[in-house]
Structures are given as structure tokens and as C-alpha cells.
Amino acid sequence: MHGLAQLTLVGVGPGDPQLITVAAVQAIEAAAVVAYPVAREGAEGMAARIAAPWISPQQRRLPLVFPMVAEAEPRRQAWHAAADALAAEVAAGQAVVLLCEGDSSLYASCSYVLLALAQRRPACPVRVIPGISAVSAAAAAASSQGHPWPLALQQEPLLIRPTPETEAELTALLEQAAATGTVLALLKLGHRWSWVQPLLAARGLLEQALFAQRVGWPDQLVQPAVLVSAAEQPYFSLLLIRQGWPAVLP
Ligand SMILES: C[S@@+](CC[C@H](N)C(=O)[O-])C[C@H]1O[C@@H](n2cnc3c(N)ncnc32)[C@H](O)[C@@H]1O
């Protein structure tokens, strides 16, 4: 039984198929077409892998290439092409889902499709289903392993952002976060860990940081950053840094 002719952007969580919401599973099951981002032709998409238990062989798969390059034009072309292809499926009467790793609004490929559609095909009906972000999943995993890791308490700000590109930028960010009691969640850590680790070590911050890699996958690694060597890490890794705590605690 297929659903309404519309496009649903579906956050599928960070890795564990159990961390997909009921709404996401229902949207996937009701879709005739399951679209998902891939980095190149023929590649397996991360979001498609996460949602695999919920996709049936009867559903048509539509991989959409979103090249991971720095240049603007190939990326713009890919977003426009994806928006046009998805809108065409919906116009032909299909219920379509576009899967998205983690949450569907947080540094998400499907957000570019959302913006491109609003610009090029504003009549295309769109729904967005949120997902569990890797940041939330990392904090929960740490707390489940005996390292209580509330992301934010009371008046604390929480800043989720990509890892800075330079030591100077990271130093400034750490100082500002310490001054304002801000908890940091640094995404896209990957290869930057080889210089981030010594910088945190020099500032005595490794004990206050949590390293999380491939959260929700069978090879998940979530541990205090002080236990992680300074070697480069995979793209799917992040860092949580808490430099202080509120005054009133249990
Ligand atoms: C483009 S962002 C996507 C964020 C995603 N939409 C979310 O809500 O979590 C990719 C970055 O998120 C982090 N990330 C995503 N999934 C992860 C996972 N399963 N384990 C650890 N980090 C993850 C990594 O820092 C990665 O470089």
C-alpha cells in the first residue's frame, strides 16, 4: 500500500536501525521510491545502509550522487538535479522518501534538496521527519557506558559545529566556550584529530572530552578522548568537550 504522492525527507539516525523513529519507518514502508545520497556512482549510501532492514525489494531505489568536493558548481548541479528528479517522481504520482543520515536538518544533504525544491519546484509537497543526531547518540552511548555525559544542563549553551580548520581557531573557540560555559560538539573531526589531540593534551582538556566514532554501528567506539591515540580518525567521528559544570548539581 503506497502513501501520498509527496516527498518525505527522513532522518534515519546515526547507524543503529533501532534508532530510526516509528514515523520514519512508516514513511519508508509507504514509499514507492526510496532515494538516498551517495558520494559517487555505484557507491553504497550510508543512510541506505542504516535503513536497509526497512526497505523492501519491491521498492524502487534511487541513488542520488552528491559529490564530496570543495568546488561549488558540481555540488550545485547535483542538488538541482536531485531536486528535479525527486519532484518528477512526485509529479508522476509516487510517494518518495529521501533518506538522510542522523537528523534531517543538521548538516544534512537533504537540506540542500529542501532549499533547491523551494526555489525550483515550490509546488512539490514536502514533509520532513527528524532523526536522532550523532551528537545525541554519542552522549547517550557514553552515559550508557558509565561515563555520564549530559549534553547541556540548566543555562548552558551547546554549540554543535564542524571542527575548526586551524589550531588558532580551535584555541579561540575553546577559550570562548570556557568563558561562556558552552559545551562543544565538534563534527567532521576525522583527519583533524591528529592535531586536535595534542592541542587538547597541551591545554589539559583531554580528560574533559569524549571521542565518539561510528556511533550506532557494530564497531562503535565511544570513550574518553584521553584514551584515543593521535592517529587520524575516520570521517564519522566527533568530539564532545565540557570544560565545566553548573554550580547546582546532585
Ligand atoms: C555531514 S554531518 C551529518 C550530521 C548528521 N545529519 C547528524 O544529525 O548527526 C557528518 C558528521 O557528523 C558526525 N557523525 C555522523 N554520524 C556519525 C556517527 N554514526 N558516529 C560519529 N559521528 C557521526 C561526524 O562528525 C561526521 O563527520
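### Notes on the site of the ligand
In the vicinity of the ligand, 17 residues are found, and the nearest of them are E101, D103, L106, K188 and S237. Residue P14 places a main-chain N or O atom 3.0 Å away from a nitrogen atom belonging to the ligand. With respect to the ligand, the side chain of E101 contributes an N or O atom lying 2.7 Å from a nitrogen atom. Taken together, the residues of the shell around the ligand sort by class into 10 nonpolar, 3 polar and 4 charged. Here the shell around the ligand spans two domains, and each of domain 1 (7–132) and domain 2 (135–241) adds at least three residues to it.

### Some remarks on the packing of aromatic side chains
For any pair of aromatic rings, the description consists of the separation of the ring centres together with the inter-plane angle of the planes. Per the counting criterion, the structure on display carries 3 aromatic pairs. On the basis of an interplanar angle of 5° and a centroid distance of 4.2 Å, the ring pair of W79 and Y112 is categorised as stacked. Linking W79 in helix α3 (residues 72–91) with Y112 in helix α4 (residues 109–120), this pair joins segments that are 33 residues apart in sequence. Considering the side-chain rings of W193 and F211, the 5.4 Å spacing of their centres and the 50° angle between planes classify their relative orientation as tilted. Placement of the pair is W193 in helix α7 (residues 193–202) and F211 in strand β8 (residues 209–213), with a sequence separation of 18 residues.

### Here's the deal with the nonpolar core
The biggest cluster of nonpolar side chains holds 24 residues, and the ones touching the most others in it are L7, L64, F66, L86, L98, V113 and L117. Broken down by element, the residue count for this core peaks at 7 residues, all from α3. The contacts of L117, once residues within four sequence positions are left out, are L7, A83, A87, P122, C124 and V126. Judged by nonpolar contacts, the second largest core, of 22 residues, contains I20, Y36, I55 and W217.

### Some details on the side chain of S111
Mapped onto the elements, S111 comes out in helix α4. With residues near it in sequence (within four places) discarded, S111 still touches S104 and S105.

### Notes on the domain arrangement of the protein
Under the domain assignment used here, the protein contains domain 1 (7–132) and domain 2 (135–241). Between the C-alpha centres of domain 1 and domain 2 there is a distance of 28 Å. Contacts between the two partners involve 12 residues from domain 1, matched on the other side by 12 residues from domain 2. Carbon and sulfur atoms supply 75% of the area that domain 1 and domain 2 bury against each other, a total of about 960 Å² over both sides. Taken as a group, P14, M46 and Y107 account for 50% of the area that domain 1 buries against domain 2, more than any other trio of residues on that side. For the pair domain 1 and domain 2, the interface holds 0 salt bridges. Across the side of domain 1 that touches domain 2, the residue classes break down as 8 nonpolar, 1 polar and 3 charged.

### Points about the environment of G244
Note that G244 resides in the segment after β10 (237–241). The class of G244 is partly exposed, set by a relative accessible area of 37%. Taking the C-alpha atoms as reference points, G244 and A177, 67 residues apart in sequence, are found 9.6 Å from one another.

### Notes on helix α1 (residues 22–29)
Every buried residue belonging to α1 is among A24, V25, A27 and I28, and all of these are buried. Angular distribution of buried residues about the axis of α1 spans 165°; they occupy a single face of the element. With respect to the buried face of α1, the exposed residues turned more than 90 degrees away are V22 and Q26. Each element contacted by the buried residues of α1 is listed here: β1 (7–11), α2 (46–51), β4 (96–100) and β5 (126–129).

### Observations regarding the pattern of salt bridges
One pass over the full model with this rule turns up 9 salt bridges. D84 is paired through a salt bridge with R121; the nearest N and O atoms lie 3.6 Å apart. Remark: R121 occurs in the loop between α4 and β5 and D84 occurs in helix α3; sequence separation between them is 37 residues. Linking E165 and R192 is a salt bridge whose minimum nitrogen-to-oxygen distance equals 3.0 Å. A residue pair is termed long-range when its members are at least 10 positions apart, and E165 in the loop between β6 (158–162) and α6 (167–180) and R192 in the loop between β7 (183–187) and α7 qualify at 27 residues. Shared partners join several salt bridges into a network, and the residues in it are D84, R120 and R121.

The rules we used
- Residues numbered from 1 in each chain as written.
- Predicted model: local features only at pLDDT ≥ 70, side-chain atom pairs only at ≥ 80, totals over all residues.
- Heavy atoms only, no water.
- Near = heavy atom within 4 Å.
- Polar contact = N/O pair within 3.5 Å; in protein donor to acceptor, adjacent residues only side chain to side chain.
- Nonpolar A, V, L, I, M, F, W, Y, C, P; charged D, E, K, R; others polar.
- Domains from an automatic or database assignment.
- Phe/Tyr/Trp six-rings, centres within 6.5 Å; stacked < 30°, edge-to-face > 60°.
- Helix = DSSP H or I, 4+ residues; strand = E, 2+ residues; numbered from the N terminus.
- Core = buried A, V, L, I, M, F, W, Y, C linked by side-chain atoms within 4.5 Å.
- Buried < 20%, exposed > 50% of the residue type's maximum accessible area, 1.4 Å probe, protein only.
- Contact = heavy atoms within 4.5 Å.
- Buried area = accessible area lost by both parts, 1.4 Å probe.
- Salt bridge = Lys/Arg side-chain N within 4 Å of Asp/Glu carboxyl O.
- Arc of directions from axis to C-beta.

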